[in-house]
Amino acid sequence: MSEKCGLVAVVGAPNAGKSTLVNALVGQKVAIVSPKAQTTRVRLMGIAIEGETQILLMDTPGIFEPRRRLDRAMVAAAWGGAQDADLIALVVDAKTGFSNRIEEMLDTLKGRREPKILILNKVDITPKEQLLTLTERLSERVDFEEIFMVSATTGDGLSDLKRTLAARVPEGPWHFPEEQVSDATDRMLAAEVTREQLYHQLHAELPYASAVETEKYEERKDGSVAIHQQILVARPTQRAIVLGKGGTRIREIGEAARKELSELLGRKVHLFLHVKVKPNWEEDRGLYREIGLDWVE
């Protein structure tokens, strides 16, 4: 059997479960997962393998109403991720159901020439009748080639979905080595892991007013890696929140991120974090480059 390889753009509203789905299809974590919406900021590619087929899953930022420059850059990245895709997979949170946001996405999808499939996620916690009504409503608006009902957390329906994705991508050589699971650089991954810990540990205390920049990524002779990162916040009060009393919070964030990074990278990690107040960090072009987004006017 000849090799196949293709790009699947995974789009959807924030919190539809796109990152959880991509991680589940790849078989290990490649994207940030958080109960907070809009945690995926960059287009991360997860690489799933099914037999002789390599499926490149573009986990895009959730598409939402952009208010700030960072928001606009994230939405541009989401639709940009669908460019040149062999297939667009729209992921909808079945439990939440229909919304204005999904309405807008359907309008955009309607005009796109790529084949489209619909993935209803979280079916394990959604009443059957609601699923049927939602499916009908979505199918009326866009001509989906196939519809899948899955639960990214329990794994229900994922093997069928993966087989179908593999069947739909074109013949061609693999783009990445077999053992590679993502196209994110280790520097990028390190920043994403620390950012995830900020979300997990600070919840509502620190909304989207933070970014993580990997300043230095240093391979050491003993095989370990030293990573220096700065956490950018907009105000001194936010810096105090991240540091915590006597620096306890930043130590906990650093410890959890270091532990996860050493597992992901398969080596010892020395992680050094510091917090910097930078009122207009969202206007820093260099930071956009660092976190993998294009500058949007």
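Treat the numbers as computed from the prediction; the structure is a model and nothing was measured.

Q: Would you explain the overall build of the chain in this entry?
A: Counting its regular elements, the chain contains 9 helices and 9 strands. Looking at the chain as a whole, 54% of its 297 residues are labelled buried. The contacts of the chain with a sequence gap of at least 6 include a subset with a gap of at least 24, amounting to 72%.

Q: How should I be thinking about the environment of D86 in this particular structure?
A: Structurally, the position occupied by D86 is in the loop between α2 (69-81) and β4 (87-93). Counting along the chain gives 29 residues from D86 to P115, while the straight-line C-alpha distance between them is 7.2 Å. With residues near it in sequence (within four places) discarded, D86 still touches G6, L7, P115 and P170. Among the polar contacts made by the side chain of D86, one reaches the main-chain amide nitrogen of L7 at a distance of 2.8 Å.

Q: In this structure, what is going on with the pattern of salt bridges? I would like to understand it.
A: Two side chains of opposite charge can pair, provided their charged atoms sit close to one another. If you walk through the whole model with that rule in mind, you get 13 salt bridges. One salt bridge connects R141 with E103, and the closest N-O pair in it is separated by 2.4 Å. Within this pair, whereas R141 is found in helix α4 (residues 128-141), its partner E103 is found in helix α3 (residues 100-110), the two being separated by 38 residues in sequence. Judged by relative accessible area, which is 27%, E103 ranks as partly exposed. Ionic pairing is found between R141 and D107, a salt bridge with its closest N-O pair at 2.6 Å. With R141 in helix α4 and D107 in helix α3, the pair connects residues that are 34 residues apart, well separated along the chain. Overall, the relative accessible area of 22% leaves R141 in the partly exposed class.

Q: Please explain the nonpolar core as it appears in this structure.
A: One broad rule of soluble globular proteins: the nonpolar side chains tend to lie buried together. Ranked by internal contacts, the top residues of the largest apolar core, which has 23 residues, are V8, L21, L57, I117, I119, L161 and L165. Of all elements in the fold, only β1 (4-12), α1 (18-26), β3 (53-59), β4, β5 (116-121) and α5 (158-168) reach the threshold of two or more residues within this core. The residues contacting I119, other than those within four sequence positions of it, are L21, A89, L90, V91, V92, F148, V150 and L161.

Q: Sorry, what's going on with the sheet that holds strand β9 (residues 269-277) here?
A: Taken together, 3 strands build an open sheet; the order of strands is β7-β8-β9 and the sheet is mixed. Looking at the sheet topology across the chains shown, the edges are occupied by β7 (210-219) and β9. Across the sheet, the mean angle separating the axes of adjacent strands is 20° when strand polarity is ignored. Relative to the sheet, helix α7 (residues 236-243) contacts β8 (225-233) and β9, its axis offset from that of β9 by approximately 155°.

Q: Which parts of the structure should I look at to understand the side chain of R195?
A: For R195, the location among the structural elements is in helix α6 (residues 186-202). There is a polar contact of 3.0 Å between the side chain of R195 and the side chain of Y199.

Q: Teacher, can you tell me more about the side chain of Q54 here?
A: Along the chain, Q54 falls in strand β3. Look at Q54 and you get buried, because its relative accessible area is 0%. Engagement of the side chain of Q54 in a polar contact is seen with the backbone oxygen of F176, the distance being 2.9 Å. Not counting chain neighbours up to four residues away, the residues in contact with Q54 comprise K4, C5, G6, I47, A48, I49, W174, H175, F176 and P177.

Q: Would you take a moment to explain the packing of α1 against α5 for this structure?
A: Axes are the key here: two packed helices are described by the angle between their axes and the distance separating the axes. Between α1 and α5, the least distance of the axes is 11 Å, while the angle of their chain directions is 80°. Accordingly, the angle class assigned to the pair α1 and α5 is roughly perpendicular. Contact with α1, carried on its side by L21, A24 and L25, involves L158, L161, K162 and L165 of α5 and no other residues of that element. Classifying every residue of the contact of α1 with α5 by side-chain character gives 6 nonpolar, no polar and 1 charged.

Q: Got a minute to help me understand the packing of aromatic side chains in this structure?
A: Note on aromatic pairs: each is described by the distance of the centres and the angle between the planes. Under the definition given, this model contains 0 aromatic pairs. When the ring centre of F98 is taken as reference, the NZ or CZ atom of R137 above it lies at 3.8 Å.

Q: Which parts of the structure should I look at to understand unusual backbone geometry?
A: One can expect most non-glycine residues to show negative phi and most peptide bonds to be in trans. Here K122, not a glycine, exhibits a phi torsion of approximately 70°, which is positive. By the element assignment, K122 lies in the loop between β5 and α4. Residue classification places K122 among the partly exposed positions, given a relative accessible area of 22%.

Conventions and cut-offs
Residues numbered from 1 in each chain as written. Predicted model: local features only at pLDDT ≥ 70, side-chain atom pairs only at ≥ 80, totals over all residues. Heavy atoms only, no water. Helix = DSSP H or I, 4+ residues; strand = E, 2+ residues; numbered from the N terminus. Buried < 20%, exposed > 50% of the residue type's maximum accessible area, 1.4 Å probe, protein only. Contact = heavy atoms within 4.5 Å. Polar contact = N/O pair within 3.5 Å; in protein donor to acceptor, adjacent residues only side chain to side chain. Salt bridge = Lys/Arg side-chain N within 4 Å of Asp/Glu carboxyl O. Core = buried A, V, L, I, M, F, W, Y, C linked by side-chain atoms within 4.5 Å. Pairing = 2+ DSSP bridges. Axes fitted to C-alpha atoms, helices over the stretch in contact; angles between N-to-C directions. Parallel < 35°, antiparallel > 145°, perpendicular 65-115°, else oblique. Nonpolar A, V, L, I, M, F, W, Y, C, P; charged D, E, K, R; others polar. Phe/Tyr/Trp six-rings, centres within 6.5 Å; stacked < 30°, edge-to-face > 60°. Lys NZ or Arg CZ within 6 Å of the ring centre and 35° of its normal.

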